[in-house]
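The residues making up each chain are set out below.
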Amino acid sequence: CAGFTGLAVSPAFADVDATAKAVAAFGGGQEPGTGKITLTAPEIAENGNTVPISVSVESAMEGDDLVESVAIFADGNPNPEVAIFHFTPLSGEASATTRMRLAKTQNVVAVARMKDGSVFVDKKEVKVTIGGCGG
Amino acid sequence: MATPKPRIKLPKTADKGEVIVIKTLISHTMESGQRKDKEGKLIPRQIINKFSCEFNGQPVFSCDLEPAISANPYFEFSAKVMEAGTFKFTWVDDDGSVYTDEQPIKVN
């Protein structure tokens, strides 16, 4: 981390609207459902530089019951996009874990797009004690 | 920056049809392009923007990374093993560098 030098100028942060637009674009305009997708994130992250997040989607991962991709967004970072996971039948399960940067307390959103075009969403608020530097 | 070093963790053997967990980590600063140096100049973005895992040439899992992914990007995901073979892991850097690693697996 660069320390405090970079903190004097605050960058333009993504807002809730930009994130909603990004979610809608990823979902191809489909109204997202809930329940099938689970996003796991800590309630409180002491260090915003490395916040573990996991996503898991119920699916047989065969035939038409296949999760094609899952996108992660964060509505309080400079840009809402975090990552897009791409799954295949060889994945066996539609689940993945990574570590992300959170600039401040905000919502993390996970959106799953299925092969049949349906879209599912889950959202978790993460309270950040020390923001991820410029992340 | 030192050459990124990949680290992979997966079982040496699996039962046919078993879903195994694969953990990968690669050393990389993931410079976000948001930070400033001591003179106040923006440090240019340099991240790993793509990670993929293939098994015997078939795609298993991949990820598009944005600057919001932490330094030393870590991924944990699963793979269904139907036959013995080799997992190939590929990381693509913003500067065009490609880092790869391979791990074999046997089927009981």
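Heads up: the structure comes first, above all this text.
Small disclaimer: the values here were computed from a predicted structure and weren't measured.

Q: Can you help me understand the overall build of chain B in this one?
A: For chain B, the helix and strand inventory stands at zero helices and eight strands. Along its sequence from the N terminus, chain B presents helices and strands in the succession β-β-β-β-β-β-β-β. With respect to the three principal axes, the spread of C-alpha positions in chain B is 60 × 20 × 20 Å. Counting every position in chain B, which comprises 108 residues, the buried fraction comes to 40%. Across chain B, the fraction of contacts at a sequence separation of at least 24, relative to all contacts at a separation of at least 6, is 57%. Split by element, the accessible area of chain B, about 5,500 Å² in all, is 48% carbon and sulfur. A distance of 5 Å separates the average location of the 15 positive side-chain charges in chain B from that of its 15 negative side-chain charges.

Q: Explain the packing of aromatic side chains here, please?
A: Geometrically, a pair of aromatic rings is defined through the distance of the ring centres and the angle of the planes. Taken as a whole and assessed by the stated rule, the structure comprises 13 aromatic pairs over all chains. Taking the centre distance of 6.5 Å and the plane angle of 50° together, the rings of Phe85 of chain A and Phe87 of chain A count as tilted. Phe87 of chain A sits in the buried class, given a relative accessible area of 6%. Connected via pairs of aromatic rings, a cluster forms that spans Phe85 and Phe87 of chain A together with Phe51, Phe61, Phe75, Phe77 and Trp91 of chain B. Taking the ring centre of Tyr74 of chain B as reference, the NZ or CZ of Arg99 of chain A above it sits at 4.2 Å.

Q: What's the story with the interface of chain A and chain B in this structure? I'm lost.
A: Much of the literature gives interface size as the accessible area that the parts lose upon coming together. Taken together, the contacts link 35 residues of chain A with 30 residues of chain B. Summed over both partners, the interface of chain A with chain B comes to about 2,600 Å²; 50% of that surface belongs to carbon and sulfur atoms. Summed over the three residues of chain A that lose the most area to chain B, namely Leu90, Arg99 and Arg101 of chain A, the buried surface amounts to 27% of that side. Counting across the interface, chain A meets chain B through one salt bridge. Between Lys80 of chain B and Glu62 of chain A there is a salt bridge, with its nearest N and O atoms 3.6 Å apart. Seen at the junction of chain A and chain B, the total is 21 residue pairs in polar contact (both at pLDDT 80 or more). Listing elements by their share of the side of chain A that touches chain B, those giving two or more residues are strand 5 (81-87) and strand 6 (94-100) of chain A. Of the residues forming the side of chain A that touches chain B, the biggest block, seven residues, is contributed by strand 5 of chain A. By residue class, the composition of the side of chain A that touches chain B is 16 nonpolar, 14 polar and five charged. Sheet analysis places strand 5 of chain A next to strand 5 (residues 58-65) of chain B, joined by five bridges and oriented antiparallel. Bridge pairing in strand 5 of chain B links His86 of chain A to Ser62 of chain B.

Q: What's the story with the environment of Asn47 of chain A in this structure? I'm lost.
A: All names here are of chain A. Mapped onto the fold, Asn47 is located in strand 2 (residues 44-47). We classify Asn47 as partly exposed; its relative accessible area is 35%. Taking C-alpha positions, Asn47 is 9.9 Å from Lys104, a pair spaced 57 residues apart along the chain. Among the polar contacts listed, one links the side chain of Asn47 to the backbone nitrogen of Asn49, at a separation of 2.8 Å.

Q: Please clarify how the sheet that holds strand 8 (residues 119-130) of chain A should be interpreted in this entry.
A: The strands that make up a sheet are held in pairs by hydrogen bonds between backbone atoms, and each pair lies either parallel or antiparallel. Strand order in this open sheet of 10 strands is 2(A)-8(A)-7(A)-4(A)-5(A)-5(B)-4(B)-7(B)-8(B)-2(B), and the pairing throughout is mixed. Edge positions in the sheet fall to strand 2 of chain A together with strand 2 (13-14) of chain B, since each has one partner strand and no second. Sheet topology places strand 7 (residues 106-114) of chain A next to strand 8 of chain A; eight bridges connect them, and they run antiparallel. Following the sheet pairing, Asn107 of chain A is matched in strand 8 of chain A by Glu125 of chain A. Sheet strands in contact with helix 1 (residues 16-26) of chain A are strand 4 (67-74), strand 5 and strand 7 of chain A, and its direction is about 175° off that of strand 4 of chain A.

Conventions and cut-offs
- Residues take numbers from 1 onward in each chain, read along the sequence in its written order.
- Going through the entries in the order they are written, you letter the chains from A and number the ligands from 1.
- Under the rules for a predicted model, residues below a pLDDT of 70 receive no local features and side-chain atom pairs below 80 are neither given nor counted, while totals for whole chains, interfaces and linings still include all residues.
- To obtain the side-chain values, all non-hydrogen atoms of the structure were used and water was disregarded.
- Helix numbers and strand numbers start at the N terminus; a helix is a DSSP run of H or I with at least 4 residues, a strand a run of E with at least 2.
- Relative accessibility under 20% of the residue-type maximum defines a buried residue, over 50% an exposed one, and the middle range a partly exposed one, all with a 1.4 Å probe and only protein chains included.
- A contact between two residues is defined here by any heavy atoms of the two lying within 4.5 Å.
- For accessible areas, the Shrake-Rupley method is used with a probe of radius 1.4 Å. Any residue's cover is judged against the shown protein chains and nothing else.
- Only four residue types enter the tally: Lys and Arg on the positive side, Asp and Glu on the negative side, with His and both chain ends excluded.
- The location of each charge is read from NZ of Lys, CZ of Arg, CG of Asp or CD of Glu.
- In this scheme Phe, Tyr and Trp rings, the latter by its six-membered ring, pair at centre separations within 6.5 Å, and the angle between planes marks the pair as stacked below 30 degrees, edge-to-face above 60, and tilted otherwise.
- By definition here, charges over rings are those cases where NZ of Lys or CZ of Arg is within 6 Å of the ring centre and within 35 degrees of the ring normal.
- Throughout, buried area stands for the accessible area (probe radius 1.4 Å) lost by two parts on being put together, summed over both.
- Definition used for salt bridges: Asp or Glu carboxyl oxygen within 4 Å of a side-chain nitrogen of Lys or Arg.
- Polar contacts, as counted here, are pairs of nitrogen or oxygen atoms within 3.5 Å of one another; within protein the pair requires one atom able to donate a hydrogen and one able to accept it, and residues that are adjacent in sequence qualify only if both atoms are side-chain atoms.
- Each residue is assigned to one class: nonpolar for Ala, Val, Leu, Ile, Met, Phe, Trp, Tyr, Cys and Pro, charged for Asp, Glu, Lys and Arg, and polar for all the others, Gly among them.
- At least two DSSP bridges between two strands are needed for those strands to be called paired.
- Throughout, an axis means a line fitted to C-alpha atoms (over the contacting stretch in the case of helices), and angles, computed between N-to-C directions, take values from 0 to 180 degrees.

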